[in-house]
Amino acid sequence: MFRAFLTATKIQTRIGIKEKPCLNLHGNLPSFQCALVRRKSSIRQAPLLTASPVRALMDEQICIKGRFLPPLSPITVYAQMHSEDGDLWESFAHYNTNSSGSINLTSDHSVGGSYVGCEPMGLFWGLHPAPGQREGLRLRKNNVESPYTIHISLLEGHISPRAGQVTELAAVTTERWYMAPGERRIEIRQNGIVGTLFLPPGPGPFPAMLDLFGMVGGLLEHRSALLASRGYASLSLAYFGHKDLPGPEKCINVGDSYFKKAFHFLQDHSQIDGDRIGVTGVSFGAYLTLRIGIQIGVKPSCLICINGPIGSVSKLVDESGRTENFESDQKHWTFDDQGRVSFRKVSLPSNIPAKNKVKVENLTCPLMYIVGEDDLGASSLETADLMEETLRSAGKSHLFTRLSYPGAGHFIEPPYAPNERMSLWSIKPQKLMSIWGGHPAPHAAAQEDSWKKILDFLESNLRR
């Protein structure tokens, strides 16, 4: 068994990522690495703000620099963007220029704002709904064929951007993409399967992943798109809460045969290596990942589970895994003093009936389990402990890799995505907010570190 923990000290030490030219990832884009806006001045050279590369994949670090600023002076760096739903997200950080009148976010320390310390990508993972926006927002990319467009500006002094009139000294606009140039997105509606397949550039055959999300439902494509940008075909699979799937709502109405068909779809695809397929899932999708990998009769090469239960947290209506309405039993829901719900106790192994649990002792392929130690959406620590002990007793510790991150919450996404500690769960019959956990800096560190280790894990198990 391999086990990795990111300590509180290590969380404060960000992971160094070498700067890559924009053309390495976006060769079909205009041949420049950074964008800039100058403000003309008759007194001295105009302040300059650069971002390099200006167009990059979501998991790629960029370098932001300001130059020709007043020496040894306070400066605010401000980022803002609109989500696909039109909501404004923003972040800001306070820096002090050096004796040459420059700042470099890759090496300099923020002394206040949305984050403190040396955080090269803090403006991105520190994004938060601006005051006055709708309550309970989470940032989620629905159209992965378009980028996030983020406007970054330099402001005079250490200020809050909402404090009133501000002086913008320079600005730059960056783009963050989930899809690489040449990557293909293919909607799948065949043989009952509802999903989206992403294929890397080139003829293949490629190793592949089956990608599952949790009780949010619908079809989320961003992780699959980014996996394909890293050379893995990936099928983002809907399994409930989608118009093309059978009802009723809030139930899993597809069973084992559905997931088996999706796995076989990947195996049979002409551009996929059928012997090199893994499965990944977060939250309830982590349970489904275990179920697919261990008990439905397919043989994946590896499994990756993120903050999910060891069994179905909803009552099963048959042996194929279909469930009742997952809100019908609220016995283990807990509420804080503001009426916000946590689902953590719902997935405690002791609260899941034995017949609902996956028999992890029957595991035959490598399994990575990722734990956010501040997860308030699932009992991930207890689940990881149980799986670790079960596999040790079965003599299969060598198959288990555990990553554990203090301060990280439930939704551990690819790097630099902002985390919201709570979000809107439902509006009917009444508005209900759910709490997911996670503190900004340690959660961001967990996303960066775990993504690197996920890619290393896939390299070891799907390419070699």
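Keep in mind the model is a prediction, meaning the values are calculated, not measured.

What about the overall build of the protein?
Here's step 1: A tally of regular secondary structure across the protein gives eight helices and 24 strands.
Here's step 2: A compact globule built from 464 residues should have a C-alpha radius of gyration of about 23 Å, and the protein, at 23 Å, falls within 12% of that.
Here's step 3: Taken over the C-alpha atoms alone, the protein extends approximately 75 × 55 × 40 Å along its principal axes.
Here's step 4: Residue burial in the protein is summarised as follows: out of 464 residues, 58% are buried.
Here's step 5: Taking all contacts inside the protein whose residues are at least 6 apart in sequence as the whole, residues at least 24 apart take part in 70%.
Here's step 6: Of the accessible surface of the protein, which amounts to about 19,300 Å², a share of 50% is contributed by carbon and sulfur atoms.
Here's step 7: Each charge class in the protein can be summarised by its mean position, and for the 49 positive and 45 negative side chains these summaries are 2 Å apart.

Some thoughts on the pairing of strand 11 (residues 148-156)
Here's step 1: Two elements, strand 6 (residues 74-82) and strand 11, share six bridges in a ladder whose sense is antiparallel. By the bridge assignment for strand 11, Val77 is matched with Leu154.
Here's step 2: Sheet topology places strand 11 next to strand 12 (residues 168-177); eight bridges connect them, and they run antiparallel. Note that in strand 12 the partner of Leu155 across the bridge is Glu168.

A few points about the environment of Asn142
Here's step 1: Relative to the helices and strands, Asn142 is located in the loop between strand 10 (128-129) and strand 11.
Here's step 2: What makes Asn142 partly exposed here is its relative accessible area of 46%.
Here's step 3: Taking the C-alpha atoms as reference, Asn142 lies 8.6 Å from Leu219; in sequence the two are 77 residues apart.
Here's step 4: Every residue in contact with Asn142, bar those within four places of it in the chain, is listed here: Glu84 and Glu221.

Regarding the packing of aromatic side chains
Here's step 1: Evaluated as defined, the whole model comprises 13 aromatic pairs.
Here's step 2: With a centroid separation of 5.0 Å and an interplanar angle of 85 degrees, the aromatic rings of Trp333 and Phe343 are classed as edge-to-face. Of this pair, Trp333 sits in the loop between strand 18 (302-306) and strand 19 (334-335) while Phe343 is found in the loop between strand 20 (341-342) and strand 21 (367-372), placing the two residues ten residues apart along the sequence. For the pair Trp333 and Phe343, one class covers both residues: buried.
Here's step 3: We note Lys141 situated over the ring of Tyr148; from NZ or CZ to the ring centre the distance is 5.4 Å.

Comments concerning the pattern of salt bridges
Here's step 1: If you walk through the whole model with that rule in mind, you get 25 salt bridges.
Here's step 2: Arg223 serves as the salt-bridge partner of Asp211, at 2.5 Å between the closest nitrogen and oxygen. Here Asp211 is found in strand 15 (residues 206-212), whereas its partner Arg223 is found in helix 4 (residues 222-229), with twelve residues between them in sequence. Per residue, the accessibility class of Asp211 equals that of Arg223, and both read buried.

Details of unusual backbone geometry
Here's step 1: Residue Pro53 follows Ser52 across a cis peptide bond; omega there is -5 degrees.
Here's step 2: Counting through the fold element by element, Pro53 comes out in the loop between strand 3 (48-52) and strand 4 (55-57).
Here's step 3: The omega angle of the peptide bond from Gly247 to Pro248 is 0 degrees, so this bond is cis rather than trans.
Here's step 4: Summarising the element assignment, Pro248 is placed in the loop between strand 16 (233-237) and helix 5 (256-268).
Here's step 5: Its identity is not glycine, yet Leu72 carries a phi of approximately 50 degrees, on the positive side.
Here's step 6: Relative to the elements of secondary structure, Leu72 occurs in the loop between strand 5 (63-67) and strand 6.

Here's the deal with the side chain of Thr174
Here's step 1: Among the structural elements, Thr174 can be located in strand 12.
Here's step 2: Taking the relative accessible area as the measure of exposure, Thr174 reaches 0% and is therefore buried.
Here's step 3: If we ignore the near neighbours within four places in the chain, the residues touching Thr174 are Ala51, Val54, Ile62, Phe124, Tyr148, Thr149, Ile150 and Ile152.

What about the confidence of the model for the protein?
Here's step 1: Confidence in the prediction for the protein averages 90 pLDDT; 91% of positions are at 70 or higher.
Here's step 2: The model gives residues 5-38 a pLDDT under 50, and that stretch makes 86 contacts with residues more than four places away or in other chains.

A word on the environment of Ile188
Here's step 1: Mapped onto the elements, Ile188 comes out in strand 13 (residues 184-190).
Here's step 2: Between the alpha carbons of Ile188 and Leu303 there is a distance of 23 Å; along the sequence they are 115 residues apart.
Here's step 3: With residues up to four places along the chain from it excluded, the contact list for Ile188 reads Ile193, Val194, Gly195, Thr196, Leu197, Leu235 and Phe265.

Looking at helix 7 (residues 380-393)
Here's step 1: The end-to-end C-alpha distance of helix 7, which contains 14 residues, comes to 20 Å, matching closely the 20 Å that a straight helix rising 1.5 Å per residue would cover.
Here's step 2: Within helix 7, the full set of buried residues consists of Ser380, Thr383, Ala384, Met387, Glu388, Thr390 and Leu391. Around the axis of helix 7, the buried residues are gathered within 165 degrees of arc, so they sit on the same side.
Here's step 3: Gly395 sits one or two positions beyond helix 7 and adopts a positive phi of about 75 degrees.

As for the side chain of Ser320
Here's step 1: Structurally, the position occupied by Ser320 is in the loop between strand 18 and strand 19.
Here's step 2: Ser320 gets classed as buried once you look at its relative accessible area, which sits at 19%.
Here's step 3: A polar side-chain atom of Ser320 sits 2.7 Å from a polar atom in the side chain of Asp318.
Here's step 4: Excluding residues within four positions of it along the chain, Ser320 makes contact with Gly255, Asp256 and Arg291.

Conventions adopted
- Residues numbered from 1 in each chain as written.
- Predicted model: local features only at pLDDT ≥ 70, side-chain atom pairs only at ≥ 80, totals over all residues.
- Heavy atoms only, no water.
- Helix = DSSP H or I, 4+ residues; strand = E, 2+ residues; numbered from the N terminus.
- Rg over C-alpha atoms; globule rule 2.2 N^0.38 Å.
- Buried < 20%, exposed > 50% of the residue type's maximum accessible area, 1.4 Å probe, protein only.
- Contact = heavy atoms within 4.5 Å.
- Areas by Shrake-Rupley, 256 points an atom, 1.4 Å probe, with all protein chains shown as cover.
- Lys, Arg positive; Asp, Glu negative; His and termini not counted.
- Charge placed at Lys NZ, Arg CZ, Asp CG, Glu CD.
- Pairing = 2+ DSSP bridges.
- Phe/Tyr/Trp six-rings, centres within 6.5 Å; stacked < 30°, edge-to-face > 60°.
- Lys NZ or Arg CZ within 6 Å of the ring centre and 35° of its normal.
- Salt bridge = Lys/Arg side-chain N within 4 Å of Asp/Glu carboxyl O.
- pLDDT = per-residue confidence, 0-100.
- Expected span 1.5 Å × (residues − 1).
- Arc of directions from axis to C-beta.
- Polar contact = N/O pair within 3.5 Å; in protein donor to acceptor, adjacent residues only side chain to side chain.

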